[in-house]
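Reading the structure
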Amino acid sequence: MDKKALSNDLDKALSKFNHQFEQLQNRGYSEDVQCAINELGTITQEALNGFKKAILSNLD
């Protein structure tokens with residue numbers, strides 16, 4: 001798999017996560033639960049972006 005194809009696949013996975021995360025945010029949970037969801041989502045997004053960057057940098 002070439003770097004461009006892998007990058008596109010990882011972008012699709014990130015997009016899918018973001019979509020599912022947005023749906024979870026819009027469920028009307030209590031403020032405490034919503035805060036935890038938001039924090040977990042942010043941490044997960046940062047980790048996935050770092051994971052993508054690390055994978056792609058190893059292909060150089």
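Residues numbered from 1 in each chain as written. Predicted model: local features only at pLDDT ≥ 70, side-chain atom pairs only at ≥ 80, totals over all residues. Heavy atoms only, no water.

A look at the overall build of the protein chain
Across its full length, the protein chain carries 2 helices and 0 strands. For 60 residues, the compact-globule estimate of 2.2 N^0.38 gives 10 Å, and the protein chain exceeds it by more than 25% at 14 Å. Reported as C-alpha extents along the three principal axes, the dimensions of the protein chain are approximately 45 × 15 × 10 Å. Scored against the burial criterion, the 60 residues of the protein chain give a buried share of 17%. Summarising the internal contacts of the protein chain: among those between residues at least 6 apart in sequence, 66% fall at separations of at least 24. Averaging the locations of the 7 positively and 9 negatively charged side chains of the protein chain gives two centres separated by 9 Å. (Helix = DSSP H or I, 4+ residues; strand = E, 2+ residues; numbered from the N terminus. Rg over C-alpha atoms; globule rule 2.2 N^0.38 Å. Buried < 20%, exposed > 50% of the residue type's maximum accessible area, 1.4 Å probe, protein only. Contact = heavy atoms within 4.5 Å. Lys, Arg positive; Asp, Glu negative; His and termini not counted. Charge placed at Lys NZ, Arg CZ, Asp CG, Glu CD.)

Focus: a nonpolar patch on the surface
Among the surface-exposed residues, Leu 24, Tyr 29 and Val 33 lie close enough to one another that they form a single nonpolar patch of about 230 Å² accessible area. If you trace the backbone, Leu 24 turns up in helix H1 (residues 3-25). On the basis of relative accessibility, which here comes to 32%, the residue Leu 24 falls in the partly exposed class. (Patch = residues over 30% accessible without salt bridge, like charges linked within 9 Å, V, L, I, M, F, W, Y side chains within 5 Å. Areas by Shrake-Rupley, 256 points an atom, 1.4 Å probe, with all protein chains shown as cover. Salt bridge = Lys/Arg side-chain N within 4 Å of Asp/Glu carboxyl O.)

Some remarks on the packing of aromatic side chains
Within the structure shown, the criterion is met by 1 aromatic pair. Aromatic pair Phe 17 and Phe 21: ring centres 5.9 Å apart, planes at 5°, arrangement stacked. Of this pair, Phe 17 and Phe 21 both sit in helix H1, 4 residues apart, which is roughly one turn of that helix. (Phe/Tyr/Trp six-rings, centres within 6.5 Å; stacked < 30°, edge-to-face > 60°.)

Some thoughts on H1
Here H1 is 23 residues long and its end C-alpha atoms lie 32 Å apart, about the 33 Å a rise of 1.5 Å per residue gives. Of the positions making up H1, those classed as buried are Leu 6, Ser 7, Leu 10, Leu 14 and Phe 21. Contacts made by the buried residues of H1 are with helix H2 (31-57). Between the side-chain oxygen at the start of H1 and the backbone nitrogen of Lys 4 there is a gap of 3.2 Å, and the oxygen is on Asp 2. (Expected span 1.5 Å × (residues − 1). Polar contact = N/O pair within 3.5 Å; in protein donor to acceptor, adjacent residues only side chain to side chain.)

Topic: the pattern of salt bridges
Scanning the entire structure with this criterion turns up 1 salt bridge. We note a salt bridge from Lys 52 to Asp 11, for which the minimum N-O separation is 2.4 Å. With Lys 52 in helix H2 and Asp 11 in helix H1, this residue pair connects regions lying 41 residues apart in the sequence. What makes Lys 52 buried here is its relative accessible area of 16%. Given the relative accessible area of 33%, Asp 11 is considered partly exposed.

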